[in-house]
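Take a look at the letters that make up each chain.
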Amino acid sequence: MSTVIYPSPIFGPIHSRRLGVSLGINLLPADGKFCTFDCIYCECGYNKDHRPKQKLPTREEVREALEKRLIDMQANGPVPDVLTFAGNGEPTAHPHFPEIIEDTLALRDKYFPNAKVSVLSNSTFIHKEKVFEALNKIDNNILKLDTVDAEYIQRVDRPTGAYDVNKIIEGLKAFKGNLIIQTMFMKGKTDEGLDIDNTSDRFVLPWLEVVKQIAPRQVMIYTIDRETPDHFLQKATHEELDRIVVLLKEAGLSATASY
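This write-up is about the structure you can find in this document. (Residues numbered from 1 in each chain as written. Predicted model: local features only at pLDDT ≥ 70, side-chain atom pairs only at ≥ 80, totals over all residues. Heavy atoms only, no water.)

### Comments concerning the overall build of the protein
Of the regular secondary structure elements, the protein holds 7 helices and 10 strands. A compact globule built from 259 residues would reach a C-alpha radius of gyration of about 18 Å, and the protein, at 18 Å, matches this within 12%. Dimensions along the principal axes, computed over C-alpha positions, put the protein at roughly 50 × 40 × 35 Å. Burial analysis of the protein (259 residues in total) assigns 51% to the buried set. When the accessible surface of the protein is summed, it comes to about 11,700 Å², and 51% of that surface belongs to carbon and sulfur atoms. Put simply, the protein has 32 plus and 37 minus side-chain charges, and the middle of one group is 2 Å from the middle of the other. (Helix = DSSP H or I, 4+ residues; strand = E, 2+ residues; numbered from the N terminus. Rg over C-alpha atoms; globule rule 2.2 N^0.38 Å. Buried < 20%, exposed > 50% of the residue type's maximum accessible area, 1.4 Å probe, protein only. Areas by Shrake-Rupley, 256 points an atom, 1.4 Å probe, with all protein chains shown as cover. Lys, Arg positive; Asp, Glu negative; His and termini not counted. Charge placed at Lys NZ, Arg CZ, Asp CG, Glu CD.)

Printed below as a string of structure tokens:
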């Protein structure tokens, strides 16, 4: 099984389906996963198969590596569209995430003031005041909500600790529109034969009602792009994603699909 474990603390740039030329910032160890979810579709594989032995990069290591890379990009290209916190797990789990955001915004302003700062998060730490404040300062606060069905979350996203989707929803509402909702749609079954198709009205319509209440400035829906640790998952079709985008737009929401 192929998995993607990213270097730390800086990787890329890569071309993102959703964000353009993206310089990656990985606040997790370079030799494994560190995540509060254990998604069956994660390109980094299952948590148990990639336990890291290295430590988290320090705030200083992140700042120094990022500045070095930005200086190189300023001299040699390419020009980044976005600086993206992603990588081998949940970026907001880093104990100095808020301070690293401050450093990154300052470096962005110095070297590439037109670039955006994005964070891809599974939303599990948005209840923390300093994380919440930091996410409110960036350009693209991209927060995951794959479904509002608690059983589906346990089957697919597989939180590693206590997880209450209703509390997460209230936390998302607290951003008062200053967020982008990101949702994975897919089909097929788990390795155990459990159905994971969330493209039907049974899942889409309740999710849509909640997204309307959250009122994000944008909704990004997408489907599987790389090999997954669970072997029987299938991509949602263009038609299925387009149908969901139409429903979102009819509800007055800005929405895009990545196929």
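Text resumes after the structure shown.
### Let's talk about the pairing of strand 8 (residues 218–222)
Among the 5 residues of strand 8, 5 are classified as buried, and the element is accordingly described as predominantly covered. Bridge count for strand 6 (residues 180–184) against strand 8 is 5 bridges, and the pairing is parallel. Across the sheet, residue Ile180 finds its bridge partner in strand 8, namely Gln218. Bridge count for strand 8 against strand 10 (residues 255–258) is 4 bridges, and the pairing is parallel. In the sheet register, Val219 faces strand 10, and the bridge partner there is Ala255. (Pairing = 2+ DSSP bridges.)

### Regarding the sheet that holds strand 3 (residues 82–86)
Across the sheet, which stays open at both edges, the 8 strands sit in the order 1-2-3-4-5-6-8-10 with mixed pairing between neighbours. Of all strands in the sheet, those with a lone pairing partner are strand 1 (10–16) and strand 10, marking the two edges. For this sheet, the mean inter-axis angle between neighbouring strands, taken without regard to orientation, is 25°. Of the strands in this sheet, strand 8 and strand 10 touch helix 7 (residues 238–250), which is tilted by about 170° from strand 10. (Axes fitted to C-alpha atoms, helices over the stretch in contact; angles between N-to-C directions. Contact = heavy atoms within 4.5 Å.)

### Considerations on the nonpolar core
By size, the foremost hydrophobic cluster in this structure holds 71 residues, and its most contacted members are Leu135, Leu172, Met186, Trp207, Ile221 and Leu248. Residue contributions to this core peak at 7 residues, all from helix 6 (residues 201–214). Counting 5 residues, the second largest nonpolar core, distinct from the first, contains Leu19, Ile142, Ile180 and Met220. (Core = buried A, V, L, I, M, F, W, Y, C linked by side-chain atoms within 4.5 Å.)

### Observations concerning the side chain of Asp230
Note that Asp230 resides in the loop between strand 8 and strand 9 (233–235). No salt bridge is formed by the buried Asp230. Its closest oppositely charged neighbour is Arg158, at 6.0 Å. Once you skip the residues sitting within four places of it in the chain, Asp230 turns out to touch Ile40, Tyr46, Lys189, Thr190 and Asp191. (Salt bridge = Lys/Arg side-chain N within 4 Å of Asp/Glu carboxyl O.)

### Things to note about the pattern of salt bridges
A full pass over the atoms with the stated rule returns 17 salt bridges. One salt bridge in this structure joins Arg59 and Asp103, with 2.7 Å as the shortest N-O distance. In this pair, Arg59 sits in helix 1 (residues 59–76) while Asp103 sits in helix 2 (residues 97–111), placing the two residues 44 residues apart along the sequence. The class of Arg59 is partly exposed, set by a relative accessible area of 26%. Judged by relative accessible area, Asp103 falls into the buried class, the value being 10%. The partner of Asp109 in a salt bridge is Arg108, with the nearest N and O atoms 2.7 Å apart. By relative accessible area, Arg108 is classed as buried at 10%.

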